Amino acid sequence: MTAAWNGVTRAKALSIALNLGLGMSLVGCSPSNTAAPTAPPPPEVGVVTVATTATALNTELPGRLEAFRTAQVRARVAGILQKRLFTEGSDVKAGQPLFDIDPAPYRAALASAQAQLARAEANLVQAQALAERYAPLAKTQAVSQQEATNAQAGFQQAKADVAAGKAAVQTAQINLGYASVSSPIAGRIGRALVTEGALVGQGEATPLALVQQVDKLYVNFTQPVADVMRLRQALAQGQLQRAPGKEAAQVQVLLDDGSVFPQTGRLLFSDLSVDPSSGQVTLRAELPNPQGTLLPGLYVRVRLPVAQASDAVLLPQQAVAHTAQGDSVLVVAEDGSVSARPVKLGPAPQPDRSLVLSGLKPGERVIVDGLQRARAGAKVRAVPWAPAAASAPASAASAR
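Summarised in this report is the structure supplied together with it. Predicted model only: the values in this text are computed from it and were never measured. (Residues numbered from 1 in each chain as written. Predicted model: local features only at pLDDT ≥ 70, side-chain atom pairs only at ≥ 80, totals over all residues. Heavy atoms only, no water.)

Moving on, we get to the overall build of the protein. Tallying secondary structure elements over the protein gives five helices and 20 strands in all. Per-residue burial for the protein yields a buried fraction of 31% across its 400 residues. Considering only contacts in the protein between residues 6 or more positions apart, those separated by 24 or more positions represent 76%. Roughly 24000 Å² of accessible area belongs to the protein as shown, and the carbon and sulfur atoms make up 55% of that amount. (Helix = DSSP H or I, 4+ residues; strand = E, 2+ residues; numbered from the N terminus. Buried < 20%, exposed > 50% of the residue type's maximum accessible area, 1.4 Å probe, protein only. Contact = heavy atoms within 4.5 Å. Areas by Shrake-Rupley, 256 points an atom, 1.4 Å probe, with all protein chains shown as cover.)

For the rest of this paragraph, the subject is the pattern of salt bridges. Pairing is possible between side chains of opposite charge, provided their charged atoms come close. Across all of its chains, the model carries eight salt bridges by this definition. A salt bridge links R266 to E286; the shortest N-O distance between them is 3.6 Å. With R266 in strand β12 (residues 265–275) and E286 in strand β13 (residues 280–288), the pair connects residues that are 20 residues apart, well separated along the chain. Since its relative accessible area comes to 38%, R266 is described here as partly exposed. What emerges from the salt-bridge pattern is a single network uniting E60, R301 and R303. (Salt bridge = Lys/Arg side-chain N within 4 Å of Asp/Glu carboxyl O.)

A general feature of soluble globular proteins is that nonpolar side chains tend to end up buried together. Formed by 23 residues in total, the largest nonpolar core has its most connected members in L65, V219, F221, L287 and L304. Those elements that place two or more of their residues in this core are β2 (52–74), β9 (207–224), β11 (250–254), β13 and β14 (299–316). With seven residues, the top contributor of residues to this core is β14. Ignoring sequence-local partners within four residues, the contact set of L65 consists of L217, Y218, V219, L287, L294, L295, P296, G297, L298 and V300. Within the second largest apolar cluster, 21 residues are counted, among which are A71, A75, A192 and V211. (Core = buried A, V, L, I, M, F, W, Y, C linked by side-chain atoms within 4.5 Å.)

For the structure on display, the rule yields two aromatic pairs. Both rings, one in F68 and one in Y218, keep their centres 5.0 Å apart while their planes meet at 35°; by these two values the pair is tilted. Here F68 is found in strand β2, whereas its partner Y218 is found in strand β9, with 150 residues between them in sequence. The pair F68 / Y218 is uniform in exposure class, with both members buried. Ring centres of F86 and F99 lie 5.3 Å apart, and the angle between their planes is 80°; on these two criteria the pair is classed as edge-to-face. Here F86 is found in the loop between β3 (79–84) and β4 (91–92), whereas its partner F99 is found in strand β5 (residues 97–101), with 13 residues between them in sequence. Here F99 falls in the buried class, since its relative accessible area comes to 0%. In this arrangement the basic side chain of R84 is found over the ring face of F86, its NZ or CZ atom lying 5.5 Å from the centre. When the ring centre of Y218 is taken as reference, the NZ or CZ atom of R284 above it lies at 4.0 Å. (Phe/Tyr/Trp six-rings, centres within 6.5 Å; stacked < 30°, edge-to-face > 60°. Lys NZ or Arg CZ within 6 Å of the ring centre and 35° of its normal.)

The next subject is the side chain of N289. Tracing the sequence through the fold places N289 in the loop between β13 and β14. At 3.1 Å, the side chain of N289 forms a polar contact with the backbone nitrogen of T293. Once residues within four sequence positions are removed from consideration, N289 is found in contact with V214, D215, K216, L217, F261 and L294. (Polar contact = N/O pair within 3.5 Å; in protein donor to acceptor, adjacent residues only side chain to side chain.)

On to the side chain of T206. Within the element layout of this structure, T206 appears in the loop between β8 (199–200) and β9. Taking the relative accessible area as the measure of exposure, T206 reaches 15% and is therefore buried.

Glancing now at the sheet that holds β5. The strand order β6-β5-β3-β8 describes an open sheet built from four strands, whose pairing is antiparallel. Strand pairing shows two members of the sheet lacking a second neighbour, β6 (180–182) and β8, which therefore form its edges. (Pairing = 2+ DSSP bridges.)

Time to look at the pairing of β9. In terms of strand pairing, β2 meets β9 through eleven bridges, oriented antiparallel. Paired with L65 across the two strands is V219, which belongs to β9. Pairing of strand β7 (residues 187–189) with β9, which is carried by two bridges, proceeds in the antiparallel orientation. Among the inter-strand pairings, R188 is bridged to a residue of β9, identified as Q212. Bridging between β9 and β13 involves nine bridges; their strand directions are antiparallel.

Here it is in structure tokens:
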């Protein structure tokens, strides 16, 4: 009885299991679960709307400061250096004594030259008296004509000896003056290159110190010739206008911390030739430095006005793609479709901005952020681009 009951129970359980499996299979094959997956939404990109504005175009170029005048102080006579008369790193005036070289040999040379001059002057007096006495005697033949001629020649020779003696005295005075070394210009003097007790000027003009005029400086900088040619072409085609100003263009100097030096310089010249090794054109400006704040040799950046654009289109620099085929941007249409647009660029007015001369119209939307998620022919969802928020997606993308 028990065995028969167990058999019936197992048969019912098997039937229930088969019915459950069939039901689940039918549920899995229902039409609602076989629908195709939905397409992902278009990617989001940050765009800017093209607008024109009048702007002054500046270019920033690397430059180096140079002293307005530089003078090497050298020993012009030989001798032992006895004394240094200045403080290193101080400002000196033109003609200010800087070093003393032992003057004793030159004082002796001056005294000897003066003695030789005195002897020549005494001989001149005697020769002149003899010539004046023989001149009338020769007319009366009291003396021979030869004696009169010899007396006149002696007189002329004595005059020459006096002139030579005066020149020797002057030379000795000059050498004695050179024993006191003075500054040739006004400026700031550096460290002394020799010390007291050194023998200087023996066989060569020994450098003693360097004086540099720094109340105004030269700024030497270079510009790529390609930028110069591009600017000239844009000016010739009327896309840009020449920057207004005085006779010489005004330049600004930017320091390492990004601050602008308060004094404004003026452009002196632009080199007419191109350096074949670098393809650069050399320019020079003069910069006032009344407080001596800037020093020669300092590297700076020079901001130079080059032109004006009345209808300028300025885009963030990252919006422009540079390829071998040219420059281009991605433009988003009203329906969200993306298309590549070639553009022509001008000189950048700011380091983080690109100037578009042609290729865009006001009102068009250009992709700035999310370029890696957009391609020509695809669709995107455009949102206004904010510079502060643009760095976060870019950082996240690079982290991925």
